[in-house]
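The lines below spell out each chain.
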Amino acid sequence: ELVFTVDGLTAYMPISQISTEFVSDINAYVGKTMRFRITSVNSYSHEITLSARVILEEERQKEREKRMEEERKRREAERRQREEEARRYQQGLARIANKDCVTATVISIQERGVTVRLDDLCEGKQVEAWIHISQLANKFVNHPTEVVKVGDKVRTCAKVKPSGNELELSIR
């Protein structure tokens, strides 16, 4: 243990209270100025027990809390940014849907419909949408290739789906 003189009284610091880490040589602390807290006072023997570890642990905890608060603020800012981007995207989809017709290019054909890329951008992003086979023509269609092929430009009517995140398209 280390022995200190505090206002003319002798004080002791157990080796376990010198640091938050293992101390193999207490001689490295001899003659050094240290910050510590009085952890106990024995009024009968006039012994004072000190701890530097308590202060070091408090500082570490404050630093940890500061980092956690910074991380919370960063995540909150990211969440707000995502929400704002989603709101602007939904407004862009509504703007597209308010037009009478939208021009799109067929980019792929599947059994149940086609995927198209709209010529209009939504918040600077390309918008791809699905047109179900039932929305390709006013008549029964066995396969989308009966009506369109990849690369065709098509005029579609658009409306925003109830979710607000997707467009519902129809050629008919």
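Right above here is the structure, for reference.
All values reported here derive from a predicted model rather than from experimental measurement.

This part is about the overall build of the chain. A tally of regular secondary structure across the chain gives 1 helix and 9 strands. Secondary structure elements of the chain occur, N-terminal to C-terminal, as β-β-β-β-α-β-β-β-β-β. For 172 residues, the compact-globule estimate of 2.2 N^0.38 gives 16 Å, and the chain exceeds it by more than 25% at 36 Å. For the chain, the spread of C-alpha atoms along the principal axes amounts to about 100 × 30 × 25 Å. Pairs at least 24 residues apart make up 49% of the contacts formed inside the chain by residues separated by at least 6 positions. Roughly 11,900 Å² of accessible area belongs to the chain as shown, and the carbon and sulfur atoms make up 49% of that amount. For the chain, the distance from the average position of its 30 positive side-chain charges to the average position of its 28 negative side-chain charges is 7 Å.

Glancing now at helix H1 (residues 53-97). Note that an α-helix has 3.6 residues per turn; residues three or four places apart therefore point the same way. In a regular helix each residue adds 1.5 Å, so 45 residues correspond to 66 Å; H1 covers 65 Å between its end C-alpha atoms and thus fits that length. Of the positions making up H1, those classed as buried are Ile 55, Gly 92, Leu 93, Ile 96 and Ala 97.

This paragraph deals with the environment of Leu 50. Position of Leu 50 relative to the elements: it lies in strand E4 (residues 47-51). Remark: the alpha-carbon pair of Leu 50 and Arg 37, spanning 13 residues in sequence, is separated by 5.6 Å. Those residues in contact with Leu 50, other than ones at most four positions away along the chain, are Phe 4, Val 6, Ala 11, Tyr 12, Met 13, Pro 14, Gln 17, Phe 36, Arg 37, Ile 38 and Thr 39.

Further remarks concern the pattern of salt bridges. Where charged atoms from two side chains of opposite charge come close, those side chains can pair. The full count for this structure, using the stated rule, is 16 salt bridges. Between Arg 88 and Glu 84 there is a salt bridge whose closest N-O contact spans 3.6 Å. Pair noted here: Arg 88 and Glu 84 are both in helix H1, with a separation of 4 residues, about one helical turn. Taken together, the salt bridges that share partners define one network made up of Glu 71, Arg 74, Arg 75 and Glu 78.

Read from one edge of the open sheet, 4 strands run E1-E2-E4-E3, paired in mixed fashion. One side of each edge strand has no neighbouring strand; the edge strands of this open sheet are strand E1 (2-6) and strand E3 (37-42). Sheet twist, expressed as the average angle between the axes of neighbouring strands with direction ignored, equals 30°. Two elements, E3 and E4, share 5 bridges in a ladder whose sense is antiparallel. Counted as the bridge partner of Ser 40 is Thr 49 from E4.

What follows concerns the state of the cysteines. Between two cysteines, a covalent bond joining their sulfur atoms is known as a disulfide. Applying the stated criterion across every chain yields a total of 0 disulfides. Take Cys 101: it sits in no disulfide, and the sulfur closest to it among the cysteines is that of Cys 157, at 4.4 Å. Here Cys 101 falls in the partly exposed class, since its relative accessible area comes to 31%.

Our focus in this paragraph is the pairing of E4. Pairing analysis gives 2 bridges linking strand E2 (residues 9-13) to E4, with the strands arranged parallel. Pairing of Ala 11 across the sheet is with Ile 48, part of E4. What sits between the antiparallel neighbours E3 and E4 is a turn of 4 residues, in which His 46 has the positive phi angle 55°.

The rules we used
- Residues numbered from 1 in each chain as written.
- Predicted model: local features only at pLDDT ≥ 70, side-chain atom pairs only at ≥ 80, totals over all residues.
- Heavy atoms only, no water.
- Helix = DSSP H or I, 4+ residues; strand = E, 2+ residues; numbered from the N terminus.
- Rg over C-alpha atoms; globule rule 2.2 N^0.38 Å.
- Contact = heavy atoms within 4.5 Å.
- Areas by Shrake-Rupley, 256 points an atom, 1.4 Å probe, with all protein chains shown as cover.
- Lys, Arg positive; Asp, Glu negative; His and termini not counted.
- Charge placed at Lys NZ, Arg CZ, Asp CG, Glu CD.
- Expected span 1.5 Å × (residues − 1).
- Buried < 20%, exposed > 50% of the residue type's maximum accessible area, 1.4 Å probe, protein only.
- Salt bridge = Lys/Arg side-chain N within 4 Å of Asp/Glu carboxyl O.
- Pairing = 2+ DSSP bridges.
- Axes fitted to C-alpha atoms, helices over the stretch in contact; angles between N-to-C directions.
- Disulfide = S-S within 2.5 Å.

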